[in-house]
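Examination of the molecular architecture
Spelled out from the first residue to the last, the chains are:
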Amino acid sequence: MCKPVLKWVGGKRQLISDIQKNLPSNYNSYFEPFIGGGALFFHLKKTGCHINDFNEDLVNVYEVVKKQPHKLIASLKEHKNTEEHYYETRALDRNSEFSKMSAVEKASRFIFLNRTGFNGLYRVNRSGQNNVPFGKYENPQIVNADNILACSKLLKETIITNGDFENIKGSIKKGDLVYFDPPYIPISKTSSFTSYTSEGFSTNEQQRLRIFCDYIDSIGAYFLLSNSSAEEVKVLYDGYRIQKVTANRAINCKSNGRGKVGELLIMNYEPSPADLLADGG
Ligand SMILES: C[S@@+](CC[C@H](N)C(=O)[O-])C[C@H]1O[C@@H](n2cnc3c(N)ncnc32)[C@H](O)[C@@H]1O
């Protein structure tokens, strides 16, 4: 057992089988520089991977799961699923003492807010303060000790870094695989896209990512990238293999506003022939 520790908007859980069919048949090390909830990473359970994210608080969760799982489990057990406790815990980042909280306390707060807050959303205001409302779930799972221990074991074999996606550049070698799951290019101006960091992910960043993909291709490594089916994505990745897949996603701000949304998988290789045959391709 080893499931994602967090719920994550844009998480890839329901696209795992489509992604699996489109992986190269063989590769060496696995890199995931926009790890978020890490649905694919936790599914693959490969050792010797390198994961990264821009979000410092999120990376702290993985560091603590890796190095201090027992302390984290004990701290998570202290939380209660009440509106009062939720808002008290959420308000800690408005307090000047917040920076003095230990890594374990911060990770425990992050997981608690993630499991009991509205839709597992991660959202902070301009001052970096969490502003997600209480989720009002009847029985959310705040602590799954066995899973944290299993994830800890996997993370002990994993390199974890915090920063920009290009951080991994110097470590990628020929034959390695990089899976990119960046914030998506909006399909239309009205679609609601979450800004994952206070800076967001601009068109310039999307272009910088395409240049990085060209670099990976040039050294004989593999890349697989997820993005929306916006026309701009097809233009940006013209020349690479583009596969359309369908995901069930929240399409507006109402929690029940879900629908089938086409997404794209872009890669610089042909997936293994056996998988394509199994897919009827
Ligand atoms: C779509 S989410 C990844 C979802 C993930 N694949 C999952 O299954 O849950 C995108 C992630 O990219 C991170 N991010 C945004 N800008 C970044 C950057 N410049 N470099 C690295 N990570 C970044 C966000 O913090 C967020 O966690």
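Worth saying up front: this structure is predicted, and the values here are computed from it rather than measured.

**Quick word on the site of the ligand**
- Among the 22 residues in the neighbourhood of the ligand, the closest are listed as G10, G11, G36, G37 and F54.
- Taken together, the residues that form the shell around the ligand break down as eleven nonpolar, seven polar and four charged.

**Quick look at the environment of E56**
- With respect to the secondary-structure elements, E56 resides in helix α3 (residues 56-67).
- The class of E56 is exposed, set by 12 C-beta atoms lying within 10 Å.
- Taking the C-alpha atoms as reference points, E56 and G163, separated by 107 residues in sequence, lie 7.7 Å from one another.

**Remarks on the confidence of the model for the protein**
- The pLDDT averaged across the protein works out to 90; a share of 88% of its residues lies at or above 70.
- Low pLDDT, under 50, characterises residues 192-198; the predicted model gives this stretch 14 contacts beyond four residues in sequence or across chains.

**Some thoughts on the packing of helix α4 (residues 69-76) against helix α6 (residues 103-116)**
- At a minimum axis separation of 9 Å, α4 and α6 run at an interaxial angle of 55 degrees. Our classification of the angle between α4 and α6 gives oblique. In this structure, α4 crosses over α6, and the sense of that crossing is right-handed. Residues K71, L72, S75 and L76 of α4 form the contact with α6, whose own contacting residues are V104, E105, A107, S108, I111 and F112.
- When its residues are assigned to classes, the contact of α4 with α6 shows six nonpolar, two polar and two charged.

**Description of the packing of α3 against helix α7 (residues 145-156)**
- The geometry of α3 relative to α7 is characterised by a closest axis approach of 7 Å and an angle of 95 degrees between their N-to-C directions. In this view, α3 runs roughly perpendicular relative to α7, as classed from their interaxial angle. Listed contacts from α7 to Y62, V65 and K66 of α3 are I148, C151, S152, L155 and K156.
- Class assignment of the residues belonging to the contact of α3 with α7 gives a composition of five nonpolar, one polar and two charged.

Quick notes on the rules
Residues numbered from 1 in each chain as written. Predicted model: local features only at pLDDT ≥ 70, side-chain atom pairs only at ≥ 80, totals over all residues. Near = placed C-beta within 6 Å. Nonpolar A, V, L, I, M, F, W, Y, C, P; charged D, E, K, R; others polar. Helix = DSSP H or I, 4+ residues; strand = E, 2+ residues; numbered from the N terminus. Buried ≥ 20, exposed ≤ 12 C-beta atoms within 10 Å, placed from the backbone. pLDDT = per-residue confidence, 0-100. Contact = placed C-beta atoms within 7 Å. Axes fitted to C-alpha atoms, helices over the stretch in contact; angles between N-to-C directions. Parallel < 35°, antiparallel > 145°, perpendicular 65-115°, else oblique. Left-handed = near helix turned anticlockwise from the far one by under 90°.

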